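Overview (structure and organization)
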Amino acid sequence: MNTINAYYEYSIDVKPNPVVGQNYITDIRDTQVTLANGEVTDSRWIQFKIPVTQPQNTIGNISDFRSIRFMRMFMTGFNQEVTVRFGALDLVRGEWRRYTNTLDFNDTNVADDNTEFDVAAVNVQENNERCPINYITPPGVQREQLFNNNTLINQNEQSLSLRVAGDGLELGDSRAVFKNVSIDMRQFKKLKMFLHAESLPNENRLRDDQMVGFIRFGNDFTQNFYQIEIPLKVTLPSASSTANCSPLSAEEVWPEENEIDLSLALLTQLKIMAMSVDLSTLPLDGIYYQNEDELNPALGNKSNKLRLGIKGNPNFGLVRTLMVGVKSNETHQDLKGEVWFNELRLADMDNQGGMAAVLNVDSNLADFATISATGKKSTIGFGALEQGPNERSREDIQQYNIVTNVNLGKLLPQKWGVNLPFNYAIGEETITPEYDPFNQDIKLKQLLDNTTDSAEKDNISSRAIDYTKRMSINFIGVRKQRSAEQKQHVYDAENFTFSQSYNKVERHDYEIEDY
């Protein structure tokens, strides 16, 4: 028997009058059941979600979760008999991880905030009768269906839940979760997500716009990213008492004012504006902010206005990190509350196609000359039938090649017997990308249109275009033919063959200025 104790310990208090949001409780259901003797009695099911990475005690020499072999459960501290039934004991996997570093430039130590930050999931199957606010799928969202044995089975639908408790969020502070991704967003026009906010039971009421939900994505979390913020409207429960809460509609749980509906073109516009901003004028966090209606005045009457920010040189053509979180928008008190995030998605795919053409010409002039010419052109959006929109070409290509072979000896008297083959070839290829190579989420045309200095505009165009020109002039196999009656000598010119070639390549692209 192994007598070494090395384990993590978690504990919950089993006591009367439990409250959602405390003691790891995420939902409570009161039901009535019929016993075997026919009597009807009240029954209460309590859902606990305990974060595995936050043990209450660490016993023995254990440092990680890579080799967990046993799990045991015990109850203590009861003075009378109690019957406890377990409906399910599950380990729930999550793709999102807590961001443990600071998100507040004024506070580098997050350990002394006394902010309790819980990450959980709420779903239709387990929380559709949740009090004080029930879970329901957002407006327009259809549950996925699984076809099995001639039966359609609705799949579970759930949201990410972030709960801030304890002493709450300090002024201007944030809490977030993240995951690593690899996404190209350039083929889409919209970024959307549903959000829901509510107060915690038995806590100070959370009011509209006090808490902000945000999305941060880019190359990293600290130096190169975009940030999208939306002030949250709080959903109020249907009744003041949790014992009498009726279900709310999808429009009440997921108000339109909380829905993120962003045109990605505004991010590129924001990035172009940020290029001309003096970094010394930015706030301490280095983020340059603009409101959505400042970038596009036509959005002035939009109910769910966004605040957009940028830092560094992010690129949503290759998003590597994705973060969602909550932020305090209050200047007088710490905040507590719960926010749900659901259906983060890209919409309005740009499915516009392109065209391509190829030209081949071959001609000859008896045995004196031959000319071959080829041309090729393809535009942005061209691709094979089996290719999706993200796999199609994102550049304009123009290319031509001309090759001539001329026997110049035919122009000389035949009795001279001179064989003088001449070859001349020239070709050019111009590749114009859709996006600027340095700012890979800004279209080249858009960047040129917003650049006023002509010299800078020429520089941007020159560095973006991949241009190659090849030219060659060749005299290969130049010799004099020996006549039939001519006597052979070792020093005769007919014994020698001469060749001469001249090749020239001109090239410039994003990495090579001149070659």
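What this report covers is the structure whose coordinates are included nearby. (Residues numbered from 1 in each chain as written. Predicted model: local features only at pLDDT ≥ 70, side-chain atom pairs only at ≥ 80, totals over all residues. Heavy atoms only, no water.)

Looking only at helices and strands, one finds six helices and 25 strands in the protein. At 36 Å, the protein has a C-alpha radius of gyration far larger than the 24 Å of a compact globule built from 515 residues. Judged by the C-alpha coordinates and their principal axes, the protein covers about 130 × 60 × 50 Å. Taken across its 515 residues, the protein has 35% of its residues classed as buried. Restricting the contact set of the protein to residue pairs at least 6 apart, pairs at least 24 apart contribute 72%. Summed over all atoms, the accessible surface of the protein reaches about 31,600 Å², with 49% contributed by carbon and sulfur. In the protein, which carries 51 positive and 71 negative side-chain charges, the distance between the mean positions of the two groups comes to 7 Å. (Helix = DSSP H or I, 4+ residues; strand = E, 2+ residues; numbered from the N terminus. Rg over C-alpha atoms; globule rule 2.2 N^0.38 Å. Buried < 20%, exposed > 50% of the residue type's maximum accessible area, 1.4 Å probe, protein only. Contact = heavy atoms within 4.5 Å. Areas by Shrake-Rupley, 256 points an atom, 1.4 Å probe, with all protein chains shown as cover. Lys, Arg positive; Asp, Glu negative; His and termini not counted. Charge placed at Lys NZ, Arg CZ, Asp CG, Glu CD.)

A few words now on the packing of aromatic side chains. All told, the structure shown has 11 aromatic pairs when counted by the stated rule. Look at Tyr8 and Phe65: their rings are 4.6 Å apart centre to centre, the planes differ by 20 degrees, and that puts the pair in the stacked class. Here Phe65 lies in the loop between strand S4 (57-59) and strand S5 (97-98) and Tyr8 lies in strand S1 (residues 7-9), a separation of 57 residues in the sequence. Judged by its relative accessible area of 16%, Tyr8 is buried. Phe65 gets classed as partly exposed once you look at its relative accessible area, which sits at 37%. Positioned above the aromatic ring of Tyr435, the side-chain terminus of Arg186 is 4.7 Å from the ring centre. (Phe/Tyr/Trp six-rings, centres within 6.5 Å; stacked < 30°, edge-to-face > 60°. Lys NZ or Arg CZ within 6 Å of the ring centre and 35° of its normal.)

In this section: the sheet that holds strand S11 (residues 188-198). Taken together, five strands build an open sheet; the order of strands is S6-S9-S18-S11-S14 and the sheet is antiparallel. At either end of the open sheet lies a strand with only one pairing partner, and these are strand S6 (115-123) and strand S14 (260-263). Geometrically, the sheet is characterised by an average inter-axis angle of 25 degrees between neighbouring strands, direction not taken into account. (Pairing = 2+ DSSP bridges. Axes fitted to C-alpha atoms, helices over the stretch in contact; angles between N-to-C directions.)

Sheet strands line up and pair through hydrogen bonds in the backbone, either parallel or antiparallel. With respect to topology, seven strands assemble into an open sheet ordered S5-S10-S17-S12-S13-S16-S15, the strand pairing being antiparallel. Either end of the sheet is taken by a strand with one partner, and the two such strands are S5 and strand S15 (288-291). In this structure, strand S10 (residues 174-183) lies alongside strand S17 (residues 319-328), joined through eight bridges in antiparallel fashion. Counterpart to Ile183 in the pairing with S17 is Val319. Its contacts with the sheet put helix H3 (residues 265-274) on strand S12 (211-218), strand S13 (225-231), S15 and strand S16 (307-311), and the angle it makes with S16 is roughly 50 degrees.

Glancing now at the nonpolar core. Counting 42 residues, the largest nonpolar core has Phe217, Leu262, Leu308 and Phe341 as the members making the most contacts within it. Non-local contacts of Leu308, meaning those with residues more than four positions away in its chain, are made with Gln227, Ile228, Leu262, Leu266, Leu267, Leu270, Tyr288, Tyr289, Gln290 and Leu295. Grouped together as the second largest cluster of nonpolar side chains are 10 residues, Val122, Val124, Val253 and Trp254 included. (Core = buried A, V, L, I, M, F, W, Y, C linked by side-chain atoms within 4.5 Å.)

It is worth spelling out the pairing of strand S7 (residues 145-148) at this point. Sheet analysis places S7 next to strand S8 (residues 151-154), joined by four bridges and oriented antiparallel. By the bridge assignment for S8, Phe147 is matched with Leu152. What sits between S7 and S8 in their antiparallel hairpin is a turn of two residues, with Asn149 showing a positive phi close to 55 degrees.

Our next topic: the pattern of salt bridges. Applying the stated rule across the entire model yields 27 salt bridges. Via salt bridges that share partners, Asp118, Arg130, Arg163, Glu198 and Glu338 belong to a single interconnected network. (Salt bridge = Lys/Arg side-chain N within 4 Å of Asp/Glu carboxyl O.)

What follows covers the environment of Leu266. Structurally, the position occupied by Leu266 is in helix H3. Ignoring anything within four residues of it in the chain, the contact list for Leu266 reads Glu292, Leu295, Asn296, Leu299 and Leu308.

To continue, consider unusual backbone geometry. For the bond from Cys131 to Pro132, the omega torsion is 10 degrees, close enough to zero to count as cis. Note on placement: Pro132 falls in the loop between helix H1 (124-127) and S7. Positive phi, close to 55 degrees, is recorded for Asp348, a residue that is not glycine. Within the secondary structure, Asp348 is located in strand S18 (residues 335-349). A relative accessible area of 44% means that Asp348 is categorised as partly exposed.

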